[in-house]
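Descriptive analysis of the structure
The primary structure of each chain is shown beneath.
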Amino acid sequence: MALQSIDAAAGPRRRGLGLTSQGIITAVILLVCGFLVLYPLFFLFAESLNVGDPQVFPPQRVGIGNYVDMLFDWRIIGNTLKVALFSTGIAVTIGFVLAWVLTRTDIPGRAVLERLMEVPFYVTPLVGALSWSILAAPQSGFLNQAWAYFGGSNRIIDVYTPMGVAWVMALFEGSVAFVMISAAMKSMDPALEEGARVMGASKLRTMITVTLPLVAPGVLGAAIFVFAEMLGSFAAALVLGIPGHFYVITTAIWELTLSYPPDYGRASALGISLFLIMFATLAFYRWLVRKGAYSTISGKAFRPRRMQMGRWTWVLAGFCWLYVFVAVVMPLGALVLTSFQRFATVLMHQAQFTTQNYWTAFSLASVRDAIVNSLMLGFGTATIGVFVMVLLVWIIYRSRMPGAGIVEYMVMFPQAVPRMVFGLAILWAWLNMPVSLYGSLWLLGIGYFTVLLPLGVRTLAGVVLQVDKSLEECARVCGASWTHQLRTITLPLLKPGILAAWLLLFIASVRELGVSIYLMGPNSKVIAPAIVSSWSSAGTELTAAMAVIQTLTIFIAVMLMFWVTARLSKQGNES
Amino acid sequence: MKTCNLMKTGIAALIFAGSGAFSATAQEALADADAVCANPVEAKGFKTCADIAKAEAEGEIVFYATDVESGTVKVLADFQKLYPKIKTSYVRLQAGALYARLLAERQGQSYLADIFQIGDVGLVMDFQKRGGYARYLSPEMAAYKAEYKSSPEGYWTWAVLMPAGLAYNPQITPEDQAPKDWNDLLDPKWSGVVSMKSANSGMQHVTWYQIKEHVSQDYWDKFAELKPRAFDSMVQQFDRLVNGEDKVAMTAQYAAYLEYRAKGAPVAFIAPSSGLPSGPEVVGIVKEAPHANAARLFLDWYLSTEGQKSSVAHWYFHSPREDVAPPEGALPISEMKLLFPADWQAYAATRPDFLRQMRSMSGLQ
């Protein structure tokens, strides 16, 4: 009774203080994030209604002319849907097979292969597109040259086609399909598969009649998510599509905004249309997830049992290694070879080799600045981003605040807006702000934070939801303030997940292209748009050297982070 | 605790990264200079009316240009060798893209550019009409012909001459099968293997406009049937020639040919018998240049013999100055039949038609 009275006396006082600081921090974060997400979109929408001088803001004449004009862009919209469908199909098929092989079978070298599956994510779609343009150009690509050398007639592959664009997008932007499907497979109770095997079904039949239906919702979810990503894809369509007279919405926006006179209205209307398609797709995905389509994934404890594949083992392992060869070894090999050439050529009889491109790349202050800026931005965005996003996740999922669902939608909004469309929106929004951040790294940092909100919040939500509420409640019952509870209970428990999210945000920042390409200024150069700029004006060999440097930079950063994570985990275990 | 430390380091990284934004605040724009100053100073190999001490105090110039980056970096480095206290940076985009960006920045009152160099006279005239240039009569402008300068003088000056013709790879196409003039390009054998510059290129606009006098009216419609590929820069065009992806390049800049030849690449240049469409790159100081004194100093150097030698050496362009030799191994301008638009206003007026036809050819419309 006495204890109760002490709690009763201390509780309201401390909780009152906690509520105040919690309330203030919550309000500030929500206001800032809401502003960062919604303010640029307002500009995008306003510009899409601008039927007067596109270079005057606010618009002097408004109307729906730009949307009506989109009827004439049906071919571009059709191209976008076609290439997104193809690439999604390829990515999900490859992702499913790889996920099944690596999670449900006993092939050798699974751990190494799983790590290697992450590499295309570090390589980035831009670097992937550049390297595949070296590998599979119709006349001079390595593959076509090799084919001709061995007596083949005509070419066997042309990457400057819609299928070529889809292929590169699937390889380098579709690795998420593997991650999502393998996560679903890892969570799947193998009892049904084992049942089928006991009843005498073959392994193939078990996979088709049991595994596939069981993970179908997960595969469908991954397909929808990947499709939305592909709709907003830019790099492969830029490098491979434009030379082949093939435009998708993102490259059309790029051309329309970076030409004179610019057609901002048409570009914005195309951007809004893409946003609506992606929003509908992602809303369907969320509905699917929330509907509980994963009910086949039980909460029952189980130990995944792997199928012994017998003579098929080496075929399946060969498929996995083939993927690694096609998505990692071949593209990086082609890039490295080109980076050592005096002028880029795949015709070996005219090739001359040099290390000059690396000296040039490192001697160019702009390249050095771009690398340093990218690393600083990656570090800053990931660090501040993780901190704010943890708070956001807590507000959305734990605070029981009224309207938390709306906040969740708002935070996830940028996912439905293609990166480069958001970049354009941020550019206009901040050009028309009284605070001049345009041309600085600050604006790039703000842009990165905004577009990476969904990625960070989604990753951290998975981590936060794993922590039992009772621990936090216990701290509150004991009279801890909200900030004290976050500092002493929530954050330490979340540390491994936070580090993983930090790494993800860091990599996503360093490889960012869509937003950077519009926001980069003369003194705020970053590496991905610098590579695009070099590709378009400095020659393939120097661009290849820069791409190799970018890829190595990401690798080294990732390795360092793994090392730091391992050390921290070790220290945590020891303490 | 470690998370807090990480957080502090992250904030420090962003503050450090962003600090440049606030150090480069816009200076007060200098008043337009209506005449060459009474006593130009003899600086390091050139004459200048700029206040060198103030230029060094400003400590930076920002160069907006359309030229290939590798050359731009070297030209800027040559200037910085003379004035190490003045840091240089640049933005490189193709002409239409660069101009759209500059205007968007000005609309938002963000003034980052000091020097603006662009290869499309139509856009130059538009920018002058919008009051975008600061007037500064460089003492070095006396070495340039009157037709190479703005009227009134001091807003802009031709800094580079760019002839363009046709190019091919002699290891792939024998000389006797290469085209000799524009009409030869319409041969169906070039279908799918011919390139040109993109609609954003001033040089492409000049070619489109200038060869009309020498070809039939429906030339560009017939050319479109060959499905030409359009590229942002001459580098991409020549890379594809070397690799055999394309067999002929239209609007092949002589400067690119010289640069690739210097690298040992197998390329050959054809000067069409009807002449070489040519345009200038035009340079001027932006009205609200944040580093106005440094911009004046740079312009004086750039237009001088030394600056022009740097331009010739690193971009392989010809100089409009008659006292500067052509790039090594290049024909002098006097031996080329250059086709400049006689009426730049008429040329500029054709931009909408040019864009429509080019976008149609490239698949955007």
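Residues numbered from 1 in each chain as written. Chains lettered and ligands numbered in written order. Predicted model: local features only at pLDDT ≥ 70, side-chain atom pairs only at ≥ 80, totals over all residues.

Moving on, we get to the overall build of chain A. Scanning chain A from N- to C-terminus turns up 25 helices and zero strands. Against the compact-globule benchmark of 25 Å for 575 residues, chain A has a radius of gyration of 26 Å, which places it among compact chains. Each of the three principal axes of chain A carries a C-alpha extent, and together these read 90 × 75 × 50 Å. In chain A, which comprises 575 residues, the proportion classed as buried is 49%. Counted over contacts in chain A with a minimum sequence separation of 6, partners at least 24 positions apart contribute 78%. (Helix = DSSP H or I, 4+ residues; strand = E, 2+ residues; numbered from the N terminus. Rg over C-alpha atoms; globule rule 2.2 N^0.38 Å. Buried ≥ 20, exposed ≤ 12 C-beta atoms within 10 Å, placed from the backbone. Contact = placed C-beta atoms within 7 Å.)

All names here are of chain B. Confidence along chain B averages 89 in pLDDT terms, with 91% of residues attaining 70 or more. Counting interchain partners and residues more than four positions distant, the pLDDT-below-50 stretch residues 6-27 has 42 contacts. If you check the scores for this complex, the pTM reads 0.83 and the ipTM reads 0.81. (pLDDT = per-residue confidence, 0-100.)

Attention shifts here to the nonpolar core. Grouped together as the largest cluster of nonpolar side chains are 292 residues, with contacts concentrated most on V168(A), I181(A) and A167(B). Ranked by residues supplied to this core, first place goes to helix α17 (residues 365-397) of chain A with 18 residues. Contact partners of V168(A), with chain neighbours within four places excluded, come to G128(A), A129(A), W132(A), V159(A), A236(A) and L240(A). (Core = buried A, V, L, I, M, F, W, Y, C linked by C-beta atoms within 7 Å.)

What follows deals with the interface of chain A and chain B. Across the boundary between the two partners, chain A contributes 59 residues, which contact 59 residues of chain B. If you list the elements that add at least two residues to the side of chain A that touches chain B, you get α13 (249-257), α17, α20 (441-464), α22 (482-510), α24 (527-537) and α25 (540-574) of chain A. Take the side of chain A that touches chain B: its biggest share by element is nine residues, from α17(A). A breakdown of the residues in the side of chain A that touches chain B according to their chemical character gives 30 nonpolar, 26 polar and three charged. (Nonpolar A, V, L, I, M, F, W, Y, C, P; charged D, E, K, R; others polar.)

Our focus in this paragraph is the domain arrangement of chain B. All names here are of chain B. Domain boundaries assigned for chain B yield domain 1 (26-161 + 280-315) and domain 2 (162-279 + 332-362). Taking only C-alpha atoms into account, the centre of domain 1 sits 29 Å from that of domain 2. Of the residues lining the interface, 16 residues belong to domain 1; the matching set on domain 2 comes to 20 residues. Only α4 (95-107), α5 (121-129), β7 (157-168) and β12 (276-286) provide two or more residues apiece to the side of domain 1 that touches domain 2. In terms of residue class, the side of domain 1 that touches domain 2 is made up of 10 nonpolar, four polar and two charged. (Domains from an automatic or database assignment.)

Taking 1.5 Å of rise per residue, 12 residues should cover 16 Å, and helix α8 (residues 162-173) of chain A covers 16 Å from first to last C-alpha, within 8% of that figure. Where α8(A) is concerned, the buried positions are G164(A), V165(A), A166(A), W167(A), V168(A), M169(A), A170(A), L171(A), F172(A) and E173(A). (Expected span 1.5 Å × (residues − 1).)

Looking now at the packing of α13(A) against helix α19 (residues 419-431) of chain A. All names here are of chain A. At their nearest, the axes of α13 and α19 sit 9 Å apart, and the two run at 30 degrees to each other. With respect to their mutual orientation, α13 and α19 come out roughly parallel. In this structure, α13 uses T250, I253, W254 and T257 to contact α19, whose residues at the interface are M420, V421 and L424. For the contact of α13 with α19, the per-class residue count stands at five nonpolar, two polar and no charged. (Axes fitted to C-alpha atoms, helices over the stretch in contact; angles between N-to-C directions. Parallel < 35°, antiparallel > 145°, perpendicular 65-115°, else oblique.)

Residue and element names in this part refer to chain A. Looking at the element boundaries, P529 is found in helix α24. Spatially, the C-alpha atoms of P529 and L513 are 5.9 Å apart, while their sequence positions differ by 16 residues. Apart from the residues lying within four places of it in its own chain, the contact partners of P529 are L513, S516, I517 and M520.

Once that is clear, we can look at unusual backbone geometry. In this chain, Y260(A) is followed by P261(A) through a cis amide linkage whose omega measures -5 degrees. Examined against the element boundaries, P261(A) turns out to sit in the loop between α13 and α14 (264-290). Following S151(B), the chain continues to P152(B) via a peptide bond in cis, the omega torsion being -5 degrees. As for its placement among the helices and strands, P152(B) is situated in the loop between β6 (133-134) and β7. At T251(B), a position not held by glycine, the phi torsion is positive, near 55 degrees.

This part is about the pairing of strand β3 (residues 60-65) of chain B. Residues and elements named next belong to chain B. A large share of β3 lies buried, amounting to six of its six residues. By the alternation rule, side chains of β3 split into E60, V62 and Y64 and I61, F63 and A65, which are all buried. Pairing of β3 with strand β4 (residues 87-92) involves six bridges; the strand directions are parallel. Bridging across to β4, Y64 finds its partner in V91. Traced from β3 through helix α3 (residues 69-82) to β4, the parallel crossover comes out right-handed. The sheet contact formed by β3 and strand β5 (residues 115-118) spans three bridges and is parallel. (Pairing = 2+ DSSP bridges. Right-handed = clockwise from strand over helix to strand, strands pointing away.)

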